[in-house]
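Residues per chain, in single letters:
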Amino acid sequence: MIDRYTRPKMKAIWELKRKYEIWLAVELAACAAFERAGQVPRGTAARIGKKATIDVKRIARIEKVTKHDVIAFLESLVESVGPEHRFLHMGLTSSDIVDTALALQMTEALDLILEDLEELIAVLKRQALRYKHTVMVGRSHGIHGEPISFGFKLSIWYEEACRHRERLTHVRQEIAVGKLSGAMGTFAHQGPEVEEYVLCQAGAHAGPSLQSNCAARSPRGLCLGVGIVGCQHRKVCDRDSPSATDRSARSRGIFFGRAEGVVGDAAQTKPDRLGESLRAGAPRAKQ
């Protein structure tokens, strides 16, 4: 994450240490699942969890030799975990850890966005009611149109934000996909019950069994979701379209005059709809 473009909470989700913490959590959950199946001594996962330490620099040094991130991560744990290290990564492949952890990171990030979106929705509703009688110029085709209230405009933003919330909630469900089916996705060393247990503990669900998680679509889903909300930015930039007005007028602020002969919509051409004073900026086209 680029420091100047992110907030501390979002940055913390994508820190290397946080990624390794989630990798360890997935490994420990898998170990616990094997305990339940009687393949690992009871209490192993809890003991490993207490002893395991994550050293980002140490992992980086090992990776320079192994050229493999997950192997470097696992080897770094040997020093703190000891002999019980052998119970980690049993029957798993790298994608089981990497893909599942990525899905969990993305759901954490999306939960943060949804939390902020809830606050935005509450503010928009409150302000829409507060300014429901505050008259302002409406816009049509990028230029002045019929009068509206500022509360009415805010209510439109509120309704759009609610739709964004629905879309993001759906996206969150789509990206919360993990896998623990082992090499080639064949469940050769453990049954689906291990995968089901781990993903249930993590608040995720399984996709089709493959070597690499088909939820590699997940980053695209997250970007789409964030992009949807990001479009809300245009609301603060409610300006005239360059084709409708003189571009040099932009330096004069948000409200601009109309180009000669340009009207906002069909209603503006009807003299019985509004007084001439409200159409002062829109001269009639010459007959």
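The structure presented is a predicted model; accordingly, all values stated were derived computationally and were not measured.

Conventions used here
- Residues numbered from 1 in each chain as written.
- Predicted model: local features only at pLDDT ≥ 70, side-chain atom pairs only at ≥ 80, totals over all residues.
- Heavy atoms only, no water.
- Phe/Tyr/Trp six-rings, centres within 6.5 Å; stacked < 30°, edge-to-face > 60°.
- Helix = DSSP H or I, 4+ residues; strand = E, 2+ residues; numbered from the N terminus.
- Buried < 20%, exposed > 50% of the residue type's maximum accessible area, 1.4 Å probe, protein only.
- Pairing = 2+ DSSP bridges.
- Expected span 1.5 Å × (residues − 1).
- Contact = heavy atoms within 4.5 Å.
- Salt bridge = Lys/Arg side-chain N within 4 Å of Asp/Glu carboxyl O.

### Remarks on the packing of aromatic side chains
For any pair of aromatic rings, the description consists of the separation of the ring centres together with the inter-plane angle of the planes.
Piece 1. A full pass over the atoms with the stated rule returns four aromatic pairs.
Piece 2. Seen from their ring centres, tyrosine 20 and phenylalanine 73 are 5.8 Å apart, and the 15 degrees between their planes marks the pair as stacked. Highlighted residues: tyrosine 20 in helix α2 (residues 16-36) and phenylalanine 73 in helix α5 (residues 69-81), separated in sequence by 53 residues.
Piece 3. Look at phenylalanine 73 and you get buried, because its relative accessible area is 0%.

### Structural notes on the pairing of strand β2 (residues 143-149)
Piece 1. Sheet topology note: the strand β1 (residues 135-140)/β2 ladder contains five bridges and is antiparallel. Note that in β2 the partner of serine 140 across the bridge is isoleucine 143.
Piece 2. In this antiparallel pair of consecutive strands, β1 and β2, the connection spans two residues, and histidine 141 shows a positive phi of 60 degrees.

### Describing unusual backbone geometry
Piece 1. Although it is not a glycine, histidine 89 sits at a positive phi angle of roughly 65 degrees.
Piece 2. Tracing the backbone shows histidine 89 in the loop between α5 and α6 (94-130).
Piece 3. Relative accessible area serves as the criterion here: at 18%, histidine 89 is assigned to the buried category.
Piece 4. Of note in this structure, histidine 141 is not a glycine but carries a positive phi near 60 degrees.
Piece 5. Within the secondary structure, histidine 141 sits in the loop between β1 and β2.

### A look at α5
An α-helical turn contains 3.6 residues, so any two residues separated by three or four positions project in the same direction.
Piece 1. Here α5 spans 18 Å end to end across 13 residues, near enough to the 18 Å set by a 1.5 Å rise per residue.
Piece 2. Check the buried side of α5 and you find it contacts α2, α3 (44-51), α4 (56-66) and α6.
Piece 3. Glycine 82 occupies a position one or two residues after α5 and carries a positive phi of about 85 degrees.

### Some words on the pattern of salt bridges
Piece 1. A complete count under the given rule lists twelve salt bridges for this structure.
Piece 2. Note that aspartate 116 and arginine 7 form a salt bridge whose closest N and O atoms lie 2.7 Å from each other. In this pair, aspartate 116 is assigned in helix α6 and arginine 7 in the segment before α1 (8-13), connecting sequence segments 109 residues apart.
Piece 3. Its relative accessible area of 26% is what places aspartate 116 among the partly exposed residues.
Piece 4. Overall, arginine 7 belongs to the partly exposed group, its relative accessible area being 41%.
Piece 5. Its salt-bridge partner being glutamate 15, residue lysine 11 comes within 4.0 Å of it at the nearest N-O pair.
Piece 6. Classification of lysine 11 as partly exposed rests on a relative accessible area of 26%.
Piece 7. For glutamate 15, a relative accessible area of 34% gives the class partly exposed.

Geometric values such as these leave the question of function open.
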